[in-house]
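Reading the structure
So you can see what is in the structure, the chains are spelled out below.
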Amino acid sequence: MENRKPFFFDSTLRDGNQALRKPWNLGEKEFVFSLLKNLGVQAVEIGYPGSCDMEFDTCKQLASQAGDDIVVCGLARAVERDINLAYDAIKDAVKPRIHTFITLSPFNMQYVLQKKPEDVSKIAVDAVRYAKALIGSKGDVQFSVEHFGDCAENMPFVIETLQKVVEAGATTINLPNTVERTRPVDFVNRVKMVIDALPKDIVVAVHCHNDLGMATATTVESYFAGATQLEGCLNGLGERAGNTNLFEVAVVLHNCGVDVPMNLKEIYETALMISEKSGVPIYEKAPLIGQDSLAHRSGIHQDGAIKTKDMEKGAYRPIHPSLIGRDDEKVSFTSQSGKTAIYEIIKSAGYPITMEEAIRITPIIKEAAEKVGELPTRNITDIYFKEVFKVKGPFTLDKFTKISENKFRVEFKYNNKRYNIVGEDNGPLSACLDALRKAGFPQKLIHYEQVAIDGEIKGVSADAMTVIKLEAPNGTVVTCRGLHTSTAMANIIALFNGLNLISAIK
Ligand code: KIV
Ligand code: ZN
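Presented here is an overview of the structure given in this document. (Residues numbered from 1 in each chain as written. Chains lettered and ligands numbered in written order. Predicted model: local features only at pLDDT ≥ 70, side-chain atom pairs only at ≥ 80, totals over all residues. Heavy atoms only, no water.)

1. Regarding the overall build of the protein
Basically, it comes down to this: Only DSSP runs of H or I covering at least 4 residues are called helices, and only runs of E covering at least 2 are called strands; the numbering of each starts at the N terminus. We compute the radius of gyration from the C-alpha atoms alone; for a globule the expected value is 2.2 Å times N to the 0.38, where N is the number of residues. Any two residues whose heavy atoms approach within 4.5 Å are treated as being in contact. Only the protein chains shown count as cover for residues, and the accessible areas themselves come from Shrake-Rupley with a 1.4 Å probe. Charge assignment in this entry is limited to Lys and Arg as positive and Asp and Glu as negative, and neither His nor the chain termini are counted. A charge is said to be at NZ when it belongs to Lys, at CZ for Arg, at CG for Asp and at CD for Glu.
When helices and strands are counted, the protein shows 17 helices and 18 strands. Computed over the C-alpha atoms, the radius of gyration of the protein is 34 Å, more than 25% above the 23 Å expected from 2.2 N^0.38 for a compact globule of 506 residues. Counting only contacts in the protein whose residues sit at least 6 apart along the sequence, the fraction spanning at least 24 positions is 64%. Only carbon and sulfur atoms are counted for the fraction: they give 51% of the accessible area of the protein, which is about 22700 Å². Across the protein, the mean location of the 59 positive side-chain charges is 7 Å away from that of the 64 negative side-chain charges.

2. Some words on the packing of helix α12 (residues 299-307) against helix α13 (residues 339-348)
The condition is simple: Here, axes are lines fitted to C-alpha atoms. For helices the fit covers the stretch in contact, and angles between N-to-C directions go from 0 to 180 degrees. An angle counts as roughly parallel when it lies under 35 degrees, as roughly antiparallel when it exceeds 145, as roughly perpendicular when it falls between 65 and 115, and as oblique in every other case. Polarity classes work like this: nonpolar for Ala, Val, Leu, Ile, Met, Phe, Trp, Tyr, Cys and Pro, charged for Asp, Glu, Lys and Arg, and polar for all others, with Gly in that last group.
Interaxial distance between α12 and α13 falls to 8 Å at its minimum, and their mutual angle equals 50°. Taken together, α12 and α13 sit at an angle that is classed as oblique. Across from Q302, D303 and I306 in α12, the residues of α13 making contact are T340, A341 and E344. For the contact of α12 with α13, the per-class residue count stands at two nonpolar, two polar and two charged.

3. Some remarks on the sheet that holds strand β17 (residues 464-471)
The cut-off we apply is this: If DSSP finds at least two bridges between two strands, the strands pair.
Pairing is antiparallel across the open sheet formed by three strands, whose spatial order is β14-β17-β18. Two strands in the sheet have a free side with no partner beyond their single neighbour: β14 (444-452) and β18 (477-484). Neighbour to neighbour, the strand axes of the sheet diverge by 15° on average, direction disregarded. Sheet analysis places β17 next to β18, joined by eight bridges and oriented antiparallel. Pairing of A464 across the sheet is with H484, part of β18. Helix α17 (residues 487-505) rests against β14, β17 and β18 of the sheet, and its axis sits at about 145° to β18.

4. Observations regarding the nonpolar core
Let me state the cut-off plainly: Here, the term nonpolar core denotes a set of buried Ala, Val, Leu, Ile, Met, Phe, Trp, Tyr and Cys residues that are joined through side-chain atoms within 4.5 Å. Relative accessible area decides the class of each residue, using a 1.4 Å probe on protein chains only: under 20% of the type maximum gives buried, over 50% gives exposed, and in between gives partly exposed.
Formed by 90 residues in total, the largest nonpolar core has its most connected members in I46, F143, I173 and M262. Here I46 is in contact with L13, K29, F33, E55, C59, L62, A63, V72, C73 and I90, once residues within four sequence places are set aside. With 29 residues, the next largest nonpolar core counts M489, L495, L501 and I502 among its residues.

5. Some thoughts on the packing of aromatic side chains
Put simply, the rule reads: Note on aromatic contacts: the rings of Phe and Tyr and the six-membered ring of Trp form a pair at centre separations within 6.5 Å, being stacked when their planes are under 30 degrees apart, edge-to-face when over 60 apart, and tilted otherwise. Counting as a charge over the ring demands two things of the Lys NZ or Arg CZ atom: a distance within 6 Å of the ring centre and an angle within 35 degrees of the ring normal.
Tallying each qualifying case throughout the model produces 16 aromatic pairs. Plain terms: the ring middles of F395 and F496 are 6.4 Å apart, the flat faces sit at 75° to each other, and that makes the pair edge-to-face. Linking F395 in strand β11 (residues 395-404) with F496 in helix α17, this pair joins segments that are 101 residues apart in sequence. Residue classification places F496 among the buried positions, given a relative accessible area of 4%. By the ring-pair criterion, three or more aromatic residues cluster together here, those being F395, F412, Y414, Y419, F441 and F496. One Lys or Arg, R190, reaches over the ring of F148 and ends 5.1 Å from the middle of that ring. Across the ring face of Y268, the terminal group of R326 is positioned such that the distance to the ring centre comes to 4.2 Å.

6. Here we look at the coordination of the zinc ion (ligand 2)
For a metal with four tetrahedral donors the ideal donor-metal-donor angle is 109.5 degrees, whereas six octahedral donors ideally subtend 90 or 180 degrees. Defined as follows: Keep in mind that water is not among the atoms, so a site may look incomplete; donors are the N, O and S atoms within 2.8 Å of the metal, or 3.2 Å for Na, K and Ca.
For the zinc ion (ligand 2), every protein donor is listed as D15 (OD), H207 (NE2) and H209 (NE2), and the spread of their distances is 2.0 to 2.1 Å. Between consecutive donors of the zinc ion (ligand 2), the numbers of intervening residues give the motif D-x191-H-x1-H. For H207, a relative accessible area of 4% puts it in the buried group. Since its relative accessible area comes to 4%, H209 is described here as buried.

7. As for the site of ligand 1
Let me state the cut-off plainly: Distances are taken per atom, and a residue is near a molecule or strand as soon as one of its heavy atoms is within 4 Å of it. Polar contacts, as counted here, are pairs of nitrogen or oxygen atoms within 3.5 Å of one another; within protein the pair requires one atom able to donate a hydrogen and one able to accept it, and residues that are adjacent in sequence qualify only if both atoms are side-chain atoms.
For ligand 1, the full set of nearby residues is R14, D15, H99, F101, S144, E146, N174, P176, T178, H207 and H209. Within the contact set of ligand 1, an oxygen atom lies 2.9 Å away from a side-chain nitrogen or oxygen of R14. The separation between an oxygen atom of ligand 1 and a polar side-chain atom of D15 is 3.1 Å. Surface burial for ligand 1 is 94%, taken as the share of its 260 Å² of free accessible area covered by protein chains. Elements that contribute at least two residues to the shell around ligand 1 include exactly α1 (12-18), β4 (96-103), β5 (140-146) and β6 (170-177). Across the shell around ligand 1, the residue classes tally to two nonpolar, six polar and three charged.

8. Re unusual backbone geometry
In the Ramachandran plot, Q114 falls in the positive-phi region, its phi being about 55° despite a non-glycine side chain. Mapped onto the secondary structure, Q114 falls in the loop between α5 (106-113) and α6 (117-135). Residues other than glycine seldom take positive phi values, yet H147 does so here, at roughly 60°. Relative to the assigned elements, H147 resides in the loop between β5 and α7 (155-167).

9. Quick notes on the pattern of salt bridges
Note the cut-off: Put simply, a salt bridge is a Lys or Arg side-chain nitrogen that is within 4 Å of an Asp or Glu carboxyl oxygen.
The final tally for this structure, using the stated rule, is 29 salt bridges. Among the salt bridges present, the one from E160 reaches K164, with a minimum N-O distance of 3.7 Å. One end of the pair is E160 and the other is K164, both in helix α7 and four residues apart, which spans about a single turn. In this structure K164 comes out as partly exposed when scored by relative accessible area, which is 37%. Notably, a salt bridge pairs E367 with K371, separated by 3.9 Å at the nearest N-O pair.

Written as structure tokens, this is what we have:
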């Protein structure tokens, strides 16, 4: 197992901010900075001070507020003006870092910089030397090979330049996948080549953009190839499709047994606040932080999810939601869902249900879901209540009256035929069973329980709920319920619900 501690370098306030429709002002940046401190990242790139006055002032302010537990970094192109501004902006931090960069990719050197490689190499080395001279021993210098991902054809040149950059004073070498174009493994192999070619005390970093959706994979595999500084942004903010989402990297590494220096429990709340502050909504299917990323809708998944709900490892989730401060794993019902979901949804809504009842009402609820799609819990409990407590069928109870201590009159209809029968036995339920027997509907009571209800269920005020199991002459067994303010009536209603259930099964 890898036990090197990752070093999280967050660029939300720089790469993330520069890609916002409305970049943050001082107050907003201060708020995001406080979130980053709360998460416990090791370094924050607070901005690009050379971009405008507001950015310079903001960076200066943040730098002066940072403590000794966080590296504060300002970005600068490899030009003296930018380096001077970056230095001025961050010099008051306890741990300041100048981060300078230039592209070494053949394509960008030719078409964007329009310079020869040897000239670019010299600019890189001079920039680092200049930055190091400014910052001295108070801080350090990071150098980035912009478009390192596009440097497959000129790796010897890149490595030679990096060795000179290190001699000039850079102690962190960052390898950005500025535009993600090809396979993570090609990038990672080249990260390894750089690590092997540099002195062991040099920190190698990766900074991956997510143009093709593989930034997290590339970052994680780069870590296992030896890169220690992992760059990214909260919620994956950043240019175009964004940067690596640091939350994802942290959680993968945690799952791999790495000691991750981040307060993982803060992830979900931080993600919501970043979304609010940035105005960038979180895609509902986004890994870990998407609103829907803990929802189970297929019956197969629901079954596994419910059976492993309280376990740390879940059948259908990568982590226990509490790891990142979430508690909203849910099963929700569509036509694709099954009985376990019904059981779980009704129980979570606070109503009693058995698996047998869930199985019975599932086709009815599924039919409703086929028409409207996802069914809100209220619709499900409405159907449950109708089907479980007011079972429709050929039997209708009209009146149940006490004649004497052990004699009761039962007036009911069966398929519109009226019955008026007196039953005799010890108590109302047994007397009612006797009356039914006399009318030609013998049923055997095989289980009885009654629970006190405090108040109401689904708007019906009740003091008692009867749960019984009835066995029909053909061996069919049903569980049925009755609800009423009178305990005797709760029993009789349960019995008639049972009669209708048995008729439906026949
Ligand atoms: O993506 C990139 O190459 C960058 C550099 C400035 C580090 O953001
Ligand atoms: Zn970037």
